[in-house]
Amino acid sequence: MRTLADELFKEFKEHSVSEFFRKNAAMLGYTGKVRSLTTVVHEAVTNSLDACEEAGILPDIKVEIRRVGEDPEHLRVAVEDNGPGIPERFIPRVFGKMLAGTKLHRLLQQRGQQGIGISGAVMFAQITSGKPALIRTSTGDGKVVEMEVSINLDRNEGEVHSRRVWEGKGRGTRIELELKEVVYQRSRYSPFHYLRMTSVANPHARITLEEPDGTRVVFERVVREVPKPPQPMPLYPKGLMADDLLALCRTSTHRTLGATLMELSRMTKRKVEEAERLSGVRMDKRPQELTWEEAERLVGAFRQMKFMAPSSSGLRPIGKEHIEKSLKQMYEPEFVAAVTREPKFYRGGIPFVVELGMAYGGRAGRREEEGTGMELLRFANRAPLIFDQGGCVITSALRDVDWGRYGLDPETSPFTVFVNLCSAYVPYTSAGKQSIADEPEIYEELRFAAMDVARELRLYLYRKTRQKEREERAGIFERFLPIIARKASSLAGEEPPDIRPVLRKVTGLEDGEG
Amino acid sequence: MERGKERKERILEELRKLGRGVLQELREGRPPRLRIPSRGTSNIVYDEEHGYYVLGPRYEVRSASSMAQVKKFAQTLCVADFCRELVKAGKFATLREMYYTAEGWETGPFRDQDESDLLVEDLEAMLGVKREDLALMPEEDGAAVFGELVLREGEVTIDATKAGRGGYTIPPTIDEVEFVRCRAKRVIAVETMGMYHRLLQEEAWKKFDALIVGLKGQAARATRRFLKRANEELGLPVYLFCDGDPFGFHIAMVIISGSAKLAYINHELAVPRARFIGVTATDIVEYDLPTDKLRELDIARLKQLQRDPRYHTEFWQGEIRRMLELGRKAEQQAFAKYGLEYVVEEYLPAKLREAERGIS
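Keep in mind that this is a model prediction, so the values were computed, not measured.

Novice: Can you lay out the interface of chain B and chain A for me, pointing to particular residues and giving the numbers?
Specialist: Chain B puts 27 residues into the contact, and the matching count from chain A is 22 residues. Within the residue set of the side of chain B that touches chain A, elements represented by two or more residues are α1 (4-27) and α2 (70-89) of chain B. Here the residues of the side of chain B that touches chain A sort into 15 nonpolar, four polar and eight charged.

Listed below in C-alpha cells is the structure:
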C-alpha cells in the first residue's frame, strides 16, 4: 500500500550544491543590481590577491567594466592579475565546481575560505547572461591557455566549451564574465568603493579600475612588501568544546590520547600530564576511545590551566605601520594612528587578531551632503565588507564606544575608522560574507582596539586645541599690545618702550612650553 | 571759570598722564591696567551734600593681559589719542564722526556706535572730564536763549537780543563760547517753545531782567552746560518753568540734580541751585487751571518720583502727593485761560517774588 509519505517523497531527490545555490543566490551576495556587480568583482579580486600572496608576488590587478551593446544593465567584467596562474587541468574545477578549493579543510587565514566564491560568480554570469566564463591563464611556462568554462548545475561540475593554447610570455590569470541585470555607479556599494577599500587594506597591491565610461582610476601601491603567506594552525586548548576534542580524536592517527593532544597549540608534555592529573582521564588510551564525558572533563581541565597565548603564526595582520601608511595615502589626514592587537581566541580556540586604525581630518570621515561624520571601513582578512553593515559585530562594537570621552562625535567629527579582523575562520553570519557574527570575545577586542586608538586621537585633539588656543592668544596680544604701546607713547609724548617682556608674559610663552 | 586755553592744557595733561601710566607699566614689564570707575547701577549713589548722583568708589579694571580685554584696552587708547589730536588742533567731532573715523584705526572698526560711545563714557569717567572737553560734541544743538547777554564765539561777537526773533541758539560747543557781558539778573528756562515765544512776545526778558531759555523738552547737554555756566560764572539765579505733570517735574529735576545715567559727569552738568517755580499742583488749585486727568502712566511715574532720593524734600513730596490726590495735571500754557499776557503779567511776577523772597 502506498502511504501518503510515499506520495510526498516521490519528488524527493538529492539536489546538487550548485543547484541549491542557484536557487539561493542571495545568500552569496547576489542581490540587487549594484551589489551583484560588486560581489562579482570582489570574488575575482579576492582570488587574485590570495594567489599573489601565496606566491609571494606584489599584486598588480586590473579591473575593467565595459558595457555590452545598448542595454545599460548588460556589462562585461574582466579581472586580470600578475599572479602565479592556474595549471590547465585545474581550470574547470576552480571556476566550475562549488565547494572545491585549497582552503576549506585547513585552519588558515585567507580572504576566501569556503570555495564557493569565484564559481558563484561564474554561476551568476551564467544564469543572467547565459554566457560561460572566459579564462586566460599562464603559469609563466611560455604557454597561455584560454578556456570557456561554465558550471553544470545538475552535477556541480565544470564544463569546458572551448580551449585554445598558444605560446606567450607573461604570467597571471584573466577572467571575463558577462553579466546582465547589474548596474554600475559610484555609490557606497559600488565596485569603485569596494576597490578603494581593498586598496586601503592591501597597501602592497596596485589596483587599476576602468569604468564603463572609460575613466581610469589607479589605487597605487604604498608598500613594497608582500605579506608572508599564512600557515595552517593547530587548535588552541582553551575554549575548546567537547565536540571539537572528539572530532580531533576520531580522525587521529596517533596511538595514544596524549600524543593526539600534543597536536593542540601551546601543548607540552608537562601540560598533558597536568591535564591528566586534573581530569583523571588516562593519556595512554587510544584516542578513538575517548568518551563524551571524558572529553568534557578535559575541556574543564584546560579551562583551569594556563597556556601560552595562542599562536598567531598563521595569522597575517596588515600591521600598524602599513595601516597608518595606507590611511595617510588615502585621506591625507591631520592625524592617523593604528593598533594591531595581540592574538586572542574565540569559541573553539580559534585565534583572531583585531586591527584598528583611525584617520582624522583631511579627507577622512563620511562626506555627505548633510555634512561630515564617522566613516567605518570593515574588513575581514583584508577583504572589504561593504554590505549588511547593520548586523555586523564590528558595527555594534564601535557603536557602543563612548566617543564623546575621546572628544569625538560620530555625527559630526571627520574621522574614518578602519577595522580588520584576521582569523583563520571568520564567523560570518552568512555565505555572503558581508557581516561578522557577534562573538563576545571579538566584540570585546574590537572595543579595546577602538579605545586604544581613540585615546591617542584624544591626546592629539587635546594638544591641537591647546595649541590653537595658545596661538590665538598669542596672535591677539601680538596684534594689540603694540597698538597700546604706540598710542600710550603718542598720548604721553614719549618714546615707545620695548614691549617684548610683557608680550612674553601675557602670551604664556614664558612659562614652559613653546 | 577757567579760560579756554587753560582748560585745553588741563585736558592735554590728563591725557598725557593716562599715556604715562601705561608706559610706566610696560617699561616695568607689567601688563598695563586701566582703572575705570564702574558705571553700573549698584555703583551710582546719591550725593546728599551736592544734591546729585555721583559714582561710588568701585572700579573696573581693564587689563592688557586679558585676552577678552586687550582689544578694548587698545581701543580705549585709540579714542584717547583721537581726542588728544582734536583738542590739540582745536577741532571738534561728533560721536558719530568718531565712530566712522575708527574704520581706519589699527584696532579695526567698531561693531556699532554703542561700542564706541561706551568707550567715550569710560574715558570721561576715568579722567573726570566731560566729552565736550575731549572735543567730542553731541549731535544736537542746545536750546535757544534770548536776553541781554553778549557772547563771543571765536572772532564773532553776538548779542542775544539781536540774534533773530528766535534768539541765540546754544551750540554743542558752548564751553568754547565766552560770556562777554550780561545785564540780565536771572534766567528763566521754560519747557516748551510755545511758552518761550509767548515770553519773547510779551518782552518778558525786559520785564524781568531775564535771560529766557527755551528748553525744548528734556534739556540737551549743551543747554545744561549753559545753565550751569550762567548760574556759576555769571552768578544768575536759574528758574525753571515746566508743565505741571510728572514729566515737567523731571525735566526740571534733571537740570537741578543731573541724571543717574550721567552720574560720572554730573559735577559738570548739574545746576543744584536752579529752582523749579511751576507749574505746581498747588498752582493748579490756586489758579484754577484747566486740567487733564492723570493717565495711568502719569500715576506710575509720580509714584516712582516719590521714591527717588532727588525728590526727598518737603516741597517735592508735598507737590507729588497733592497731584496724586487731585488726579489732574496742567500744561504751562493753560494760563492762556486768563488771556495771553496773564502768565507774564500775573503768574510769573508772583512766582518770582515768592522765589526771591528767600534769596534777597
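Novice: If you had to explain the nonpolar core to someone new, which residues and values would you point to?
Specialist: Formed by 119 residues in total, the largest nonpolar core has its most connected members in V122(A), L356(A), M358(A), L446(A) and V453(A). Setting aside anything within four residues of it in sequence, one finds L446(A) in contact with V354(A), V393(A), I394(A), A397(A), L398(A) and V419(A). By size, the runner-up hydrophobic cluster in this structure holds 74 residues, among which are F208(B), I255(B), F276(B) and I284(B).

Novice: Break down the confidence of the model for chain B for me, with residues and values.
Specialist: Residue and element names in this part refer to chain B. Mean pLDDT over chain B: 89, with 98% of residues reaching 70 or higher. Here strand β2 (residues 44-47) stands out as the least confident element of chain B, with mean pLDDT 84; strand β14 (residues 238-241) is the most confident, with 96. Of the two predicted TM-score estimates for the complex, the pTM is 0.56 and the ipTM is 0.77.

Novice: Account for the pairing of strand β9 (residues 335-340) of chain A, with residues named and values stated.
Specialist: In the case of a regular strand, side chains alternate between the two sheet surfaces. All names here are of chain A. Within β9, six of the six residues are buried, which leaves it mostly tucked inside the rest of the structure. Note: β9 against strand β11 (residues 350-360), six bridges, orientation antiparallel. Pairing of A338 across the sheet is with G357, part of β11.

Novice: Which residues make up the sheet that holds strand β10 (residues 168-169) of chain B, and what values do they have?
Specialist: Residues and elements named next belong to chain B. Read from one edge of the open sheet, six strands run β10-β7-β13-β12-β14-β15, paired in mixed fashion. A single partner strand is all that each edge strand has here, and the edge strands are β10 and β15 (275-278). Of the pairings in the sheet, the one linking β14 to β15 comprises three bridges and is parallel in character. Bridged to Y239 within β15 is R275.

Novice: I'd like a description of the pairing of strand β3 (residues 133-138) of chain A, backed by residues and values.
Specialist: Residues and elements named next belong to chain A. Direction of pairing for β3 relative to strand β4 (residues 143-152): antiparallel, over a ladder of five bridges. Of the residues in β4, the one forming a bridge with I135 is M147. As judged from the five bridges shared by β3 and strand β6 (residues 172-180), these two strands associate in the antiparallel manner. Bridge pairing in β6 links R136 to R174.

Novice: Now, about the sheet that holds strand β7 (residues 206-210) of chain A: what can you tell me, with residues and values included?
Specialist: Whether parallel or antiparallel, the strands of a sheet pair through hydrogen bonds between backbone atoms. All names here are of chain A. Spatial strand order, β5-β4-β3-β6-β2-β1-β7-β8: eight strands in an open sheet with mixed pairing. Looking at which strands have only one partner, the edges of the open sheet turn out to be β5 (157-167) and β8 (216-219). Strand-to-strand, the axes of this sheet are offset by a mean angle of 15 degrees, without reference to chain direction. With respect to the sheet, helix α5 (residues 117-129) is in contact with β3, β4 and β6, its orientation differing from that of β6 by roughly 35 degrees.

Novice: Could you give an account of the environment of L297(B), with specific residues and numbers?
Specialist: Residues and elements named next belong to chain B. Position of L297 among the secondary structure elements: in helix α11 (residues 296-307). A residue is classified by how many C-beta atoms lie within 10 Å of it, and L297, with 10 of them, is exposed. The spacing of L297 and P246 is 51 residues in sequence and 9.5 Å in space, taken between C-alpha atoms.

Novice: Please provide a residue-by-residue account of the environment of A424(A), values included.
Specialist: Secondary-structure assignment places A424(A) in the loop between β15 (415-423) and α13 (440-492). In this structure, the C-alpha to C-alpha distance between A424(A) and G314(A), residues 110 residues apart in sequence, is 7.6 Å.

Novice: I'd love a proper account of unusual backbone geometry, names of residues and values included.
Specialist: Residue V279(B) is reached from G278(B) by a cis peptide bond, and omega for that bond is 5 degrees. You can see V279(B) is positioned in the loop between β15 and α10 (281-286). You will see that D388(A), though not glycine, has its phi angle at about 50 degrees, which is positive. Of note, D388(A) is situated in the loop between β14 (383-385) and α12 (393-399).

Novice: Give me the lowdown on the packing of helix α8 (residues 246-257) of chain B against α11(B), citing residues and values where you can.
Specialist: Packed helices, taken two at a time, are described by the angle their axes make and the gap between the axes. Residues and elements named next belong to chain B. The contact between α8 and α11 brings their axes to 9 Å, and the two run at 35 degrees. Residue-level inspection shows P246, F249 and H250 of α8 in contact with α11, the latter providing D298, R301, L302 and L305. Grouping the amino acids of the contact of α8 with α11 by side-chain chemistry returns four nonpolar, one polar and two charged.

About the criteria used
Residues numbered from 1 in each chain as written. Chains lettered and ligands numbered in written order. Predicted model: local features only at pLDDT ≥ 70, side-chain atom pairs only at ≥ 80, totals over all residues. Contact = placed C-beta atoms within 7 Å. Helix = DSSP H or I, 4+ residues; strand = E, 2+ residues; numbered from the N terminus. Nonpolar A, V, L, I, M, F, W, Y, C, P; charged D, E, K, R; others polar. Core = buried A, V, L, I, M, F, W, Y, C linked by C-beta atoms within 7 Å. Buried ≥ 20, exposed ≤ 12 C-beta atoms within 10 Å, placed from the backbone. pLDDT = per-residue confidence, 0-100. Pairing = 2+ DSSP bridges. Axes fitted to C-alpha atoms, helices over the stretch in contact; angles between N-to-C directions.

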